[in-house]
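# Residue-level structural notes
One-letter residues, chain by chain:
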Amino acid sequence: MKKENRGQWGSRFGFIMAAAGSAVGLGNIWRFPYLAGENGGGAFIIFYLIFVVLIGMTVMLTEFSVGRMTATAAVGSFKSVDKRWTFAGVIGVLSAFLIMGFYPVVGGWAVAYIFKSVTGLLSNPDVIGSSFDTFITGTWEPLIWTAIFLILNVFVVVRGVSSGIEAAGKILMPMLFVLLIIIIGKGLTLPDAGKGLEFLFKPDFSKVSGKMLLSALGQAFFSLSLGMGCMITYGSYLKKEENLPANTFIVSGLDTLVALMAGLAIFPALFSFGMEPAGGPGLVFVVVPTIFAKMGGIGTVLSLIFFVALFVAALTSSVSLLEVATSYFIDERGWTRSKAVVFVATIMIVLCILSSLSLGVMGGFKILGVGVFDLLDILTDKIFLAVGGVLVTVFAGWSVKKEDLFNEVTNNGTVPFALLNVWYGLVKYVAPIIISIVAIVGIAGIAQKGVMFLGLSIFVILAIFSKKL
Ligand code: PHE
């Protein structure tokens, strides 16, 4: 392995922006608000926060440490410690492919809505819902927007770790913050905005259920980009003198902050206009533009800003997905970066075409009872990421030497980390057990049993065959 040739982050700020760029994405602005909306608001948010702190931060620090310690991307990290663990890395790369099969489709919608915001979408609030349905079930229109989104991805990743991914993150992430703050400012000054705050922050514990807990945990993994080797890969480009616990704290803190900011940008305005919080996946594409449409002229500007923010967030995350798969071919197969990017992007395009069409003309084509878009979403969110989280913690807790891991986390004892032992206990026992319980209960509850079976069989097959990789 030619470690000297691997990319490296140019600066600490650059790394933080890139890692936060990966974490902050559609998960925060598109998914978090609709999950919170569907699951009753405050109670969901409280469990989400508990999972982020207890499990998410634990797993993120584990992934950063394992990545930097081995200085190779997902597959190589596991493999270089113990060949029997190769499959865990392979599952990560596979998860990246699966998420890449639907993520850019939604990214494409965001790009489309930037333009739609200024070309008449808001002129008739009553048809915004039906026009969203017509749009996503269409054939060519969503595909073209997805293609535009994908091309931008390739453009960033092909430029490499420092001048591509890092440079993009440094500009786009601060911009996202500013855009969200503008929208929150407007939302909070609307009449009755307080009802939205109440919905977000006043928990109703009668809403707690097993399904809600799995949603909250799955969302924590998805939103923090965990359980699929992404933070291992980003950690592998980190310099040895970086403080890993501090970076973990900052990156997960920023991610949580943006999710809450997205909630603040949407719910006060939503309640002010007397709309329904449980809008599902269409929440940000239907309810949000409708709210803006009711604001008059300023609404058009805000809508434009909102969808630019959504696009920016999606781009930096999608870039990290592409990087996970790309780095596998660079590190393990010795490919050049451009060859790897083109190869991965080609697979990505095929999957995205299938999942976009599955919402429309290919609606009748079902695998195990669900369309391609939903299949990819369920497989990753409900199965792969959680299992990936168990694998990385069990690996770090039981297979990596404690001394090696501690040296990595504390930079050979030079970085004080008061919670070192607490963290290790979480890695070794608490995280795998809690994730397993929530995942088993949740997986058993997946309505599509065939999908669950497919997901689990993929693990078994990989576990058996991946030693050869
Ligand atoms: N964290 C990203 C989001 O919230 C999604 C993602 C998951 C990106 C896994 C990379 C890896 O949108």
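As the structure is a prediction and not an experimental result, all values here were calculated from the model. (Residues numbered from 1 in each chain as written. Predicted model: local features only at pLDDT ≥ 70, side-chain atom pairs only at ≥ 80, totals over all residues. Heavy atoms only, no water.)

What follows deals with the overall build of the chain. When its secondary structure is counted, the chain shows 20 helices and zero strands. Taking 469 residues into account, the globule formula puts the C-alpha radius of gyration at 23 Å, and the chain, at 21 Å, falls close to it. Looking at the chain residue by residue over its 469 residues, the buried ones come to 61%. Of the contacts made within the chain by residues no fewer than 6 positions apart, 84% connect residues no fewer than 24 positions apart. (Helix = DSSP H or I, 4+ residues; strand = E, 2+ residues; numbered from the N terminus. Rg over C-alpha atoms; globule rule 2.2 N^0.38 Å. Buried < 20%, exposed > 50% of the residue type's maximum accessible area, 1.4 Å probe, protein only. Contact = heavy atoms within 4.5 Å.)

Turning next to the site of the ligand. Around the ligand sit 15 residues, and of these Ala23, Gly27, Tyr103, Phe222 and Ser225 come closest. Tyr103 is positioned such that a nitrogen or oxygen atom in its side chain is 2.5 Å from an oxygen atom of the ligand. Contact between the ligand and Ser223: a nitrogen atom at 3.0 Å from a main-chain N or O atom of the residue. Here the ligand, which alone exposes 320 Å², has 100% of that area covered by the protein. By residue class, the composition of the shell around the ligand is seven nonpolar, eight polar and no charged. (Near = heavy atom within 4 Å. Polar contact = N/O pair within 3.5 Å; in protein donor to acceptor, adjacent residues only side chain to side chain. Areas by Shrake-Rupley, 256 points an atom, 1.4 Å probe, with all protein chains shown as cover. Nonpolar A, V, L, I, M, F, W, Y, C, P; charged D, E, K, R; others polar.)

The next subject is the packing of helix α6 (residues 103-118) against helix α15 (residues 297-333). The interhelical angle for the contact between α6 and α15, taken along N-to-C directions, is 160°, at an axis separation of 8 Å. By the angle class used here, α6 and α15 are roughly antiparallel. Here the hand of the crossing between α6 and α15 comes out left-handed. Taking contact as the criterion, the partners of Tyr103, Pro104, Gly107, Ala110, Val111, Tyr113, Ile114, Ser117 and Val118 in α6 are, on α15, Thr300, Ser303, Leu304, Phe307, Val308, Leu310, Phe311, Ala314, Ser317, Ser318 and Leu321. Broken down by class, the residue content of the contact of α6 with α15 amounts to 14 nonpolar, six polar and no charged. (Axes fitted to C-alpha atoms, helices over the stretch in contact; angles between N-to-C directions. Parallel < 35°, antiparallel > 145°, perpendicular 65-115°, else oblique. Left-handed = near helix turned anticlockwise from the far one by under 90°.)

Scanning the entire structure with this criterion turns up zero disulfides. This cysteine, Cys230, is not joined by any disulfide, and Cys352 carries the nearest cysteine sulfur, 17 Å off. When its relative accessible area of 1% is taken as the criterion, Cys230 is described as buried. (Disulfide = S-S within 2.5 Å.)

If you walk through the whole model with that rule in mind, you get 36 aromatic pairs. Between the aromatic rings of Trp9 and Tyr237, the centroid separation amounts to 5.7 Å while the plane-to-plane angle is 75°, which identifies the pairing as edge-to-face. One end of the pair, Trp9, is in the segment before α1 (12-23); the other, Tyr237, is in the loop between α12 (230-236) and α13 (244-272), with 228 residues separating them in the sequence. When sorted by exposure, Trp9 lands in the same class as Tyr237, which is buried. (Phe/Tyr/Trp six-rings, centres within 6.5 Å; stacked < 30°, edge-to-face > 60°.)

Moving on, we get to the side chain of Thr146. Within the fold, Thr146 resides in helix α8 (residues 140-158). The exposure class of Thr146 is buried, given its relative accessible area of 2%. Setting aside chain neighbours within four positions, we find Thr146 in contact with Pro104, Val105, Gly108 and Cys352.

It helps to recall that an α-helix has 3.6 residues per turn; residues three or four apart then point in one direction. With 19 residues, α8 should cover 27 Å at 1.5 Å per step; its first-to-last C-alpha distance of 27 Å lies within 8% of that length. Buried within α8 are the following residues: Pro142, Leu143, Trp145, Thr146, Phe149, Leu150, Asn153, Val156 and Val157. Projected onto a plane normal to the axis of α8, the buried residues spread over an arc of 165° and lie on a single side. What points out from α8, more than 90 degrees from its buried face, is the exposed set Trp140, Ile151 and Phe155. Residues of α8 that are buried sit in contact with α6, α7 (128-137), α9 (161-188), α15 and α16 (337-357). (Expected span 1.5 Å × (residues − 1). Arc of directions from axis to C-beta.)

Our next topic: unusual backbone geometry. The residue Ala71 is not glycine, and still its phi comes out positive at about 50°. Within the fold, Ala71 resides in the loop between α3 (42-70) and α4 (74-81). A positive phi angle, close to 65°, is found at Asp192, a residue other than glycine. Checked against the element boundaries, Asp192 lands in the loop between α9 and α10 (193-201). When its relative accessible area of 47% is taken as the criterion, Asp192 is described as partly exposed.

Now for the side chain of Thr62. Along the chain, Thr62 falls in helix α3. If sequence neighbours within four positions are ignored, Thr62 has contacts with Val392, Ala396, Trp423 and Val427.

Take the nonpolar core next. If you look at soluble globular proteins, the nonpolar side chains tend to sit buried side by side. Membership of the largest hydrophobic core comes to 173 residues, with the highest contact counts inside it found for Leu176 and Phe285. Counting residues per element, this core draws most heavily on α15, at 18 residues. Excluding its chain neighbours within four sequence positions, the residues that come into contact with Leu176 are Val24, Ile29, Val258, Ala309, Val312 and Ala313. (Core = buried A, V, L, I, M, F, W, Y, C linked by side-chain atoms within 4.5 Å.)

Turning our eyes to something else, we now look at the pattern of salt bridges. Per the stated rule, a full pass over the model turns up 13 salt bridges. In this structure, Glu323 and Arg337 form a salt bridge, with 2.9 Å as the shortest nitrogen-oxygen distance. Here the residue Glu323 occupies a position in helix α15, and Arg337 occupies one in helix α16, the gap between them amounting to 14 residues. One exposure class covers both Glu323 and Arg337, and it is buried. Among the charged side chains, a network of salt bridges with common partners joins Arg31, Asp377 and Asp381. (Salt bridge = Lys/Arg side-chain N within 4 Å of Asp/Glu carboxyl O.)

Now for a nonpolar patch on the surface. A grouping of Ile46, Ile50, Leu54, Phe205, Trp398, Tyr429, Val430, Ile433, Ile437 and Val441 is seen on the molecular surface, where their side chains present a nonpolar patch of about 910 Å² in accessible area. The set of elements that each furnish at least two residues to the nonpolar patch consists of α3 and α19 (420-444). Per-element accounting of the nonpolar patch gives the leading share, five residues, to α19. Structurally, Leu54 is set in helix α3. (Patch = residues over 30% accessible without salt bridge, like charges linked within 9 Å, V, L, I, M, F, W, Y side chains within 5 Å.)

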